[in-house]
Each structure stands twice: as C-alpha cells, then as structure tokens.
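# Residue-level structural notes
Letter by letter, the chains look like this.
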Amino acid sequence: QVNQAELLLFSVPAYACQRRTTLVNHNTALTDALSLLAENAELSEEEGRGVAFRRAAAVLKALPSVVTSMAQLEGLPCLGGHSLRVIRDVLENGASHEAETTKQSERYKALKVLTGIFGVGAKTADRWIREGIHTLQQLRESAQTLNRAQQAGLDHYDDLNQPVSQTEADAIGDIVQKAVACVLPGAQVTLTGGFRRGKDTGHDVDFLITHPEEGREVGLMPKIVSWLESRGFLLYQKTTRNSYLESMDGPGRPASNMDRFERCLSIFKLPDVEPQGTKEGPISAAPQKRWRAVRVDLVVSPISQFAFALLGWTGSKLFERELRRWAGHEKAMSLSSHALHDNTQSRYLRASSEEEIFAHLSLEYIPPSERNA
Ligand code: CTP
Ligand code: MN
Ligand code: MN
Ligand code: MN
C-alpha cells in the first residue's frame, strides 16, 4: 500500500522546450535503457518509435530527483505503454530485459560498428549487414566501394569514435578563429552544438560563423577551407553552398527542416593537445602519431538569420524537434534555422537574439545549458 504522504509526485510540461533540462540526470538507469531503445529504433529506420523513446527519456531527464516507484510517474506526459514497461522492468528488476537483449544482439552490434563510420547511415549499414558484413574487418575485405566520406571515416575510425574533450574543442576553436580572422577580419565565430550546452565531451565540434554587415559573409566558406587546407589542418572536407533562396517552395517556406546554409562537414588533423600517457616500449618502436582526427562542422549564416541559426545549431536534437513541434502545433508558426514564419499573419517574425525567438513563441527563455533534453 502506498503511503500518500510519502509519495513524491512529479510534474513536467509536455514539450521539452518548455522545460529546463540540465546535464544533471538523476535517472540514468532509466534514460540509458530508453535511449538505447531509441537508438536501436533510429538505426532500424523506425523514426516514430525512436522519437517516442527519446521523448520519454527526456521527461525523466527533467525530473528533480530519482524515480523509485511507478506511482510517482502518474500524470507525466510522453510516457507511452512501451516506455512504461521498460521503466517498470528497470525499477523492479534493476535492468530492462528488452534493452539488454537489444544491446547483446548481433544486429544492434553490427549497426553500431558500421554507423560508427563517418558517412555511413542506417540504410547503408542495413544493406551491408544483409550482405553479411558485420565488422570493419569484413568491410575492409569486401568488394564494397566506399565514397570519399566513408573512406575517410574508415581510415580515422578509432580517432573519430573517441570523444572530443573541451581542451581539444578549444584548440580547434583557436584554429578556426585564426582562419576566419585572416580571410575576413571582423567576422565572428561562435561555438554551437553540445559544447555550447556545457557538455564536457562531444562527437564533434560545431561552429557558426557570421559577419555583422549583411552580405559580407557571402563566399566565406571556401576561403576558410583554403586557409585550413593549405596549412594541413584538413584530412577531409565537403562544402555545400547556401541553397536557402532557391529551396523556397510555396510562400517562403523551405522544403524541409534541413537548413540550407553554406556548410562544411570536415575532419580536422589536430596536433596533440592532451598530455600523452607515457608509453613504455622498445626504442625501435614506430614513431608516435602526434595528432588526432576530429570531426568539425562549420556553418556560415548571414547576420539577419544568425539568431535562428544559433538556436537551430545549439541543440539538443530533441530540443530542436520539440521547438518546431511547439511552433507548428501550438502557435501555427514554422520555425527553421533560417526564420520564423507566422502562418496566421502570413509574415516572418524578425529576431536578433535567441531570447526574442522564445518570446515570439510565447516560451520562457531557456539558456543553452538547460537545453540538454
Ligand atoms: N544539425 C542540423 N543539421 C544537420 C546536423 C545537425 O541542424 N545536418 C543541428 C542539430 O539539430 C543540433 C546541432 O546541429 O542541434 C548539433 O548537432 P550534433 O553535432 O550532431 O550534436 P550535438 O548536440 O553537438 O552533440 P555531440 O556532442 O554528440 O556532437
Ligand atoms: Mn536536478
Ligand atoms: Mn556536435
Ligand atoms: Mn555536428
């Protein structure tokens, strides 16, 4: 029998963008299980299931203390039957049978290894698995042709699967800053992504670049890339030009949520910045590698769209998804990394800061460190 006086009930709003989610998570046992099932669904191209598990995990991440009984979850949003079964299993048995079984499955393990290659998505990994390729060794020995991104991803697999530290992110930031200052004085570099949210490691480092005078940013990316390339900082890069204007279909609406800024997905060759463990070994050992490969994303935005780009590239991915869902379902607005369109008034709402965008959406301002949904 539940003692009502001792029952700690939680209450959270339905959309992640209405909540403050810090990096302090009191329910990692529950959220790890749900996140694993979300990842498995995404890798299996079951997007709906993936989002459902992500939303459930995000609700638990926002709770102020540890969940100890199912009764405490009464009335919480986004907890569907499947997620509740997973939670019950963890609370009653210390682990989710489904999550553990998934984690041990050959298919999940193969999907993880193969999609761990930069440039390889769920579709490609699935095709390879159906052709009997489950490991990097099997892939290397196979006759599969890899594109340039995948080849670079395979070449630098170990480095790219080792988390990027804040020290390394800072060092990359210094290099990008220097490149930008050289090719366009006055241009500004802003750290985005997980590091802007205060994470102490990341899978990559994300930067947004702009210039305070509208138009001066045009053509900037190729110049930055040339500067970096000529100094040996790039192991791989693929630049895509700005296609925002030509992508408009209908009354000023971009065709999809994908943004269309000039962007560069790259792999940096970063000289060692972390102290290296003293490696004992014979004097004749091969010379030590004195650099590591790091994934870096660069995006250039005109100043008029900067606030939208900053909000859109800071994440988390679920927080972004929830912002767009809130805008569409609750405010009849369309939010992208370029603009906010009020569909009722048929006009764009200007903003020069993230605070103004939250205000347009009638949302309390949530700072980056509390967008870790
Ligand atoms: N993003 C985007 N379009 C892409 C890729 C990413 O708009 N094609 C956005 C994501 O929505 C996210 C941000 O860029 O808001 C950062 O994405 P990513 O680097 O993948 O994730 P992080 O949150 O930075 O996490 P990590 O530390 O793993 O890099
Ligand atoms: Mn807390
Ligand atoms: Mn990132
Ligand atoms: Mn990124």
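For the structure, check the block above.
Residues numbered from 1 in each chain as written. Chains lettered and ligands numbered in written order. Predicted model: local features only at pLDDT ≥ 70, side-chain atom pairs only at ≥ 80, totals over all residues. Heavy atoms only, no water.

## Side note on the side chain of D297
Tracing the sequence through the fold places D297 in strand β7 (residues 291-300). A distance of 2.8 Å separates the side chain of D297 from the side chain of R295, its partner in a polar contact. Not counting residues up to four positions away in its chain, the partners in contact with D297 are D204, V205, D206, F207, C264, L265 and W313. (Helix = DSSP H or I, 4+ residues; strand = E, 2+ residues; numbered from the N terminus. Polar contact = N/O pair within 3.5 Å; in protein donor to acceptor, adjacent residues only side chain to side chain. Contact = heavy atoms within 4.5 Å.)

## Topic: the sheet that holds strand β2 (residues 188-191)
One open sheet accounts for 5 strands, arranged β2-β4-β7-β6-β5; its pairing is mixed. Of all the strands in the sheet, just β2 and β5 (234-240) have a single pairing partner and so form its edges. Between one strand and the next, the sheet's axes are offset by a mean angle of 25°, whatever the strand orientation. The pairing of β2 with strand β4 (residues 205-210) spans 4 bridges and is antiparallel. Bridge pairing in β4 places T190 opposite L208. On the sheet, helix α8 (residues 148-155) packs against β5 and β6 (262-271) and is oriented at approximately 150° with respect to β5. (Pairing = 2+ DSSP bridges. Axes fitted to C-alpha atoms, helices over the stretch in contact; angles between N-to-C directions.)

## Quick notes on the coordination of the manganese ion (ligand 3)
For the manganese ion (ligand 3), the full set of protein donor atoms is D204 (OD) and D206 (OD), and the range of their distances to it is 2.0 to 2.1 Å. The distance between the manganese ion (ligand 3) and the manganese ion (ligand 4) comes to 3.6 Å, with D204 serving as a donor to both metals. Overall, D204 belongs to the buried group, its relative accessible area being 5%. With a relative accessible area of 10%, D206 lands in the buried category. (Donors = N, O, S within 2.8 Å, 3.2 Å for Na, K, Ca; no water. Buried < 20%, exposed > 50% of the residue type's maximum accessible area, 1.4 Å probe, protein only.)

## Focus: unusual backbone geometry
Cis rather than trans, the peptide bond between G315 and S316 has omega equal to -5°. Inspection of the secondary structure assignment puts S316 in the loop between α13 (306-314) and α14 (317-331). Of note in the backbone geometry, E45 takes a positive phi value of approximately 60° without being a glycine. With respect to the secondary-structure elements, E45 resides in the loop between α1 (28-43) and α2 (47-61). Accessibility expressed as a relative area gives 42% for E45, which makes it partly exposed. The phi dihedral of A332 falls on the positive side, at around 50°, and the residue is not glycine. Looking at the secondary structure, you find A332 in the loop between α14 and β8 (333-335).

## Focus on the environment of P302
Note on placement: P302 falls in the loop between β7 and α13. Considering only alpha carbons, one finds P302 and K109, 193 residues apart in sequence, at a separation of 42 Å. Once you skip the residues sitting within four places of it in the chain, P302 turns out to touch T210, E214, E217 and F261.

## Overview of helix α6 (residues 122-130)
Three or more residues of α6 are buried, namely A122, T124, A125, D126, W128 and I129. Looking at the buried side of α6, the elements it contacts are α1, α5 (106-115), α7 (136-141) and α8. Of the residues flanking the end of α6, it is G132, one or two places downstream, whose phi is positive at about 90°.

## Regarding the site of ligand 1
Inspection of the region around ligand 1 gives 16 residues, with G194, R197, H203, D204 and K317 positioned closest. The side chain of R197 places a nitrogen or oxygen atom 2.9 Å from an oxygen atom of ligand 1. Here a nitrogen atom of ligand 1 sits 3.0 Å away from a polar atom, N or O, in the side chain of R263. For ligand 1, the protein covers 80% of the area, taking 590 Å² as the surface of the free molecule. Looking at the shell around ligand 1, the elements with two or more residues in it are α11 (193-196), α13 and α14. Classifying every residue of the shell around ligand 1 by side-chain character gives 1 nonpolar, 7 polar and 8 charged. (Near = heavy atom within 4 Å. Areas by Shrake-Rupley, 256 points an atom, 1.4 Å probe, with all protein chains shown as cover. Nonpolar A, V, L, I, M, F, W, Y, C, P; charged D, E, K, R; others polar.)

## Examining the sheet that holds strand β10 (residues 347-348)
What the 3 strands build is an open sheet, ordered β8-β9-β10; its pairing is antiparallel. Where the open sheet ends on each side, the last strands, each with one partner, are β8 and β10. With 2 bridges joining them, strand β9 (residues 340-342) and β10 adopt antiparallel strand pairing. Opposite D342, over in β10, you have R347 as the bridge partner.

By themselves these figures say nothing about function.
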